[in-house]
Number of protein chains: 2
Amino acid sequence: MIRNILLTIEYDGTGFHGWQKQPGQTTVQGHLETVMSRLFKTEISLNGTSRTDAGVHALGQRASFISDLGIPTEKIPLVVNNALCGAERGPFAIAPVRIKAAEEMPMDFHARFDAAGKEYIYSIRTGKEPDIFRRNFVYHVAEQLDTGAMRKGCEALIGTHDFKSFESSGGNPRLTTVRTIYKAQISEDEPGEIRFTIRGDGFLYNMVRIITGTLVDIGLGKIAAEDMPDIIEARDRSRAGHTAPPGGLCLAEVFYDEAKLKG
Amino acid sequence: MIRNILLTIEYDGTGFHGWQKQPGQTTVQGHLETVMSRLFKTEISLNGTSRTDAGVHALGQRASFISDLGIPTEKIPLVVNNALCGAERGPFAIAPVRIKAAEEMPMDFHARFDAAGKEYIYSIRTGKEPDIFRRNFVYHVAEQLDTGAMRKGCEALIGTHDFKSFESSGGNPRLTTVRTIYKAQISEDEPGEIRFTIRGDGFLYNMVRIITGTLVDIGLGKIAAEDMPDIIEARDRSRAGHTAPPGGLCLAEVFYDEAKLKG
């Protein structure tokens, strides 16, 4: 029976050129489609929710596909994960991509177009010495950061704004750069381990990384927290801070339930 | 002035073909020597303590080298680490290798020959779901392990024994396979996070990984803990368990002080 299946996917983006399939590049979408098509002996074409960049990770990427598979939906994670691990080298190897869940959706459902919003988490570590074992997962900042100022900088982000100042060049100029942010929060779980959580109805190209870089610049005292409203107002990329590196970024969750998105 | 300098080095071994320099392979020793020789404009030749395998990590590898450097010993970590990070791609990249300390030693000191012993830590994670973000650092075992039985298995390891049963083929048959183990300890910091610590005066080829695999087999009930003395006694590789994968293994510390080694 033809079904529309929605996958929840986690991945370590370190070794991938991002989510989206590209000729001659190893991407998460390309790798998953290859392994799944071989496994199910039918061409699988995934519609991913978020085009995460090279080096960006995911705990809750979503992708839907329509297919006529011979196995029950709930068996899909296990068989795909076995195939993914089998594609790695070594008898004990764990794949960098894992299907966390599969669920059947109405035929007109589309993982990207129907998404109400997303939550990203960006991880920062401060201190003189980097943790080399987490170098692909956290942004190491050698100086101390003023998290109070960073929290203040977050406040101006909440609500509906034109975020053009936080978009890398390459965005489509005909599309709107207005987005709504529901949550922008700095937490410090232990000294030096800073986590920035941002939730909104959508994000421009590199928006989370530029916002994070701007917050780091605020934390370093290079930009005043009080200037955040002006930076937003300016609609000018040169007014915002640097683009934080991709490894600290993780797509945490995709929301299909608007009420849940708005928290 | 010509000095004999001892380095303490940590590395993420994931992307390396082990410590030891090999033609045509990226190794930790080869990479460090290349970066340091370029930096100091003189050929640096490192004597490493432990020839860690491909994929094995280190928190406390040691290596000594004799050179006539123009900078004070205590500045070496900073300048080498800057050069190592500069050799990586991207403006915020952290290198997978880091010098933790440099100290001046007597001219006749040799990092390997003078070592009194070493401590290794092997990390295991049990549970149905692997943690893909730590897949290169922990050995994932899907079944539960009987840590009580594993602790019992550890007891037989303590002391001076012929550990030939725990040596991969490739060892030099003319060399002794007798070693002294001072510590062999299983701890479970949180449920499913098991850590095996082993300290001894020396280790045979793959010895820690074969001992770990044997302990895992004991934890799974495939080998009886009571059989450990017989397995040692047999001097036969086929009597021991499987070889645990390299990623879970970390060279934690090298001891030059015999009293400290014996704890």
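Quick notes on the rules
Residues numbered from 1 in each chain as written. Chains lettered and ligands numbered in written order. Predicted model: local features only at pLDDT ≥ 70, side-chain atom pairs only at ≥ 80, totals over all residues. Heavy atoms only, no water. Helix = DSSP H or I, 4+ residues; strand = E, 2+ residues; numbered from the N terminus. Contact = heavy atoms within 4.5 Å. Buried area = accessible area lost by both parts, 1.4 Å probe. Salt bridge = Lys/Arg side-chain N within 4 Å of Asp/Glu carboxyl O. Polar contact = N/O pair within 3.5 Å; in protein donor to acceptor, adjacent residues only side chain to side chain. Nonpolar A, V, L, I, M, F, W, Y, C, P; charged D, E, K, R; others polar. Phe/Tyr/Trp six-rings, centres within 6.5 Å; stacked < 30°, edge-to-face > 60°. Least-squares fit on C-alpha atoms with pLDDT ≥ 70 in both. Buried < 20%, exposed > 50% of the residue type's maximum accessible area, 1.4 Å probe, protein only. Patch = residues over 30% accessible without salt bridge, like charges linked within 9 Å, V, L, I, M, F, W, Y side chains within 5 Å. Areas by Shrake-Rupley, 256 points an atom, 1.4 Å probe, with all protein chains shown as cover. Domains from an automatic or database assignment. Expected span 1.5 Å × (residues − 1). Axes fitted to C-alpha atoms, helices over the stretch in contact; angles between N-to-C directions. Parallel < 35°, antiparallel > 145°, perpendicular 65-115°, else oblique. Left-handed = near helix turned anticlockwise from the far one by under 90°. Disulfide = S-S within 2.5 Å.

Draft legend 1. Quick look at the environment of G60(B). Residue and element names in this part refer to chain B. Along the chain, G60 falls in strand β3 (residues 57–67). In sequence terms G60 and A101 are 41 residues apart; their C-alpha atoms lie 9.7 Å from each other. Residues within four places of G60 in sequence aside, it is in contact with T8, I9, L251, A252, E253 and V254.

Draft legend 2. Region of interest: the interface of chain A and chain B. Each partner contributes residues to the interface: chain A has 23 residues there, and chain B has 23 residues. Between chain A and chain B, the buried area comes to about 2000 Å², and carbon and sulfur atoms account for 72% of it. Together, F92(A), F133(A) and R135(A) form the three largest contributors to the area buried by chain A at its contact with chain B, with a combined 34%. Here chain A and chain B share four salt bridges between them. Here R135(A) ties to D12(B) by a salt bridge, and the two come within 2.7 Å at their closest N and O atoms. Here chain A and chain B share six residue pairs in polar contact (both at pLDDT 80 or more) between them. Every element with two or more residues in the side of chain A that touches chain B is listed here: β1 (3–11), β3 (57–67), β4 (97–105) and β6 (139–141) of chain A. Tallied by class, residues from the side of chain A that touches chain B come to 14 nonpolar, four polar and five charged.

Draft legend 3. Geometry of the packing of aromatic side chains. Applying the stated criterion across every chain yields a total of 14 aromatic pairs over all chains. Both rings, one in Y11(A) and one in W19(A), keep their centres 6.2 Å apart while their planes meet at 25 degrees; by these two values the pair is stacked. Members of the aromatic cluster, each reached through a chain of ring pairs, are F92(A), Y122(B) and Y139(B).

Draft legend 4. Representation of the relation of the copies chain A and chain B in the model. Under the fitted operation, chain A is carried onto chain B by 0.0 Å of movement along the axis and a turn of 180 degrees, and the coordinates agree to an RMSD of 0.0 Å. On this basis, the relationship between the two copies can be described by a two-fold rotation axis. The position closest to the rotation axis in chain A is occupied by the C-alpha of R134(A), lying 4.6 Å away.

Draft legend 5. Examining the side chain of N81(A) more closely. The residue N81(A) is located in helix α2 (residues 76–86) in this model. Owing to a relative accessible area of 13%, N81(A) belongs among the buried residues under this scheme.

Draft legend 6. Just a nonpolar patch on the surface, in detail. All names here are of chain A. Among the surface-exposed residues, I2, I66 and M107 lie close enough to one another that they form a single nonpolar patch of about 300 Å² accessible area. Secondary-structure assignment places I66 in strand β3. With a relative accessible area of 48%, I66 lands in the partly exposed category.

Draft legend 7. Region of the structure containing the domain arrangement of chain A. All names here are of chain A. For chain A, the assigned domains are domain 1 (3–105) and domain 2 (117–262). Computed from C-alpha atoms alone, the centre-to-centre distance between domain 1 and domain 2 is 27 Å. Both faces combined, the contact of domain 1 with domain 2 buries some 1200 Å², and carbon together with sulfur accounts for 59% of it. Considering only the surface of domain 1 that becomes buried against domain 2, D53, V56 and H57 emerge as the three largest contributors, covering 36% of it. Scanning the region where domain 1 abuts domain 2 turns up one salt bridge. For D53, the salt bridge is made with R209, and the minimal N-O distance between the two is 3.3 Å.

Draft legend 8. Highlighting helix α1 (residues 28–40) of chain A. Residue and element names in this part refer to chain A. Here α1 contains 13 residues, and its C-alpha end-to-end distance of 18 Å stays within 8% of the 18 Å for a straight helix at 1.5 Å per residue. For α1, the buried fraction is high: 10 of the 13 residues fall into the buried class. Taken as a whole, α1 has its buried residues at V28, Q29, G30, H31, L32, E33, V35, M36, S37 and F40. Those residues of α1 that are buried lie in contact with β1, β3, α2 and β4. Of the residues flanking the end of α1, it is K41, one or two places downstream, whose phi is positive at about 55 degrees.

Draft legend 9. Focus on the packing of α1(A) against α2(A). Residue and element names in this part refer to chain A. Here α1 crosses α2 at 110 degrees, and the two axes come no closer than 10 Å. Taken together, the axes of α1 and α2 lie roughly perpendicular to each other. For α1 against α2, the interelement crossing comes out right-handed. On α2, the residues that touch H31, L32, V35, M36, L39 and F40 of α1 are V79, V80, A83 and L84. Looking at the contact of α1 with α2 residue by residue, the classes come out as nine nonpolar, one polar and no charged.

Draft legend 10. Just unusual backbone geometry, in detail. Residue and element names in this part refer to chain B. In this model, K41 sits at a positive phi of 55 degrees, which is unusual for a non-glycine residue. You will see that R235, though not glycine, has its phi angle at about 50 degrees, which is positive. Tracing the sequence through the fold places R235 in the loop between α5 (228–234) and β10 (249–255).

Draft legend 11. Layout of helix α4 (residues 207–219) of chain A. In this model, α4(A) (13 residues) spans 18 Å end to end at C-alpha, consistent with the 18 Å of a helix rising 1.5 Å per residue. Across the 13 residues that make up α4(A), a large majority, 13, are buried.

Draft legend 12. Broad picture of the environment of R125(B). Residues and elements named next belong to chain B. Mapped onto the elements of the fold, R125 is located in strand β5 (residues 117–126). For the pair R125 and G192, spaced 67 residues apart in the sequence, the C-alpha separation amounts to 5.4 Å. Excluding residues within four positions of it along the chain, R125 makes contact with P130, D131, R134, V138, Y139, H140, V141, G192 and E193. A polar atom in the side chain of R125 sits 3.2 Å from the side chain of E193.

Draft legend 13. Local environment of the state of the cysteines. Residues and elements named next belong to chain A. One pass over the full model with this rule turns up zero disulfides over all chains. Lacking any disulfide linkage, C85 is separated from the closest cysteine sulfur, that of C250, by 19 Å. The class of C85 is partly exposed, set by a relative accessible area of 25%.

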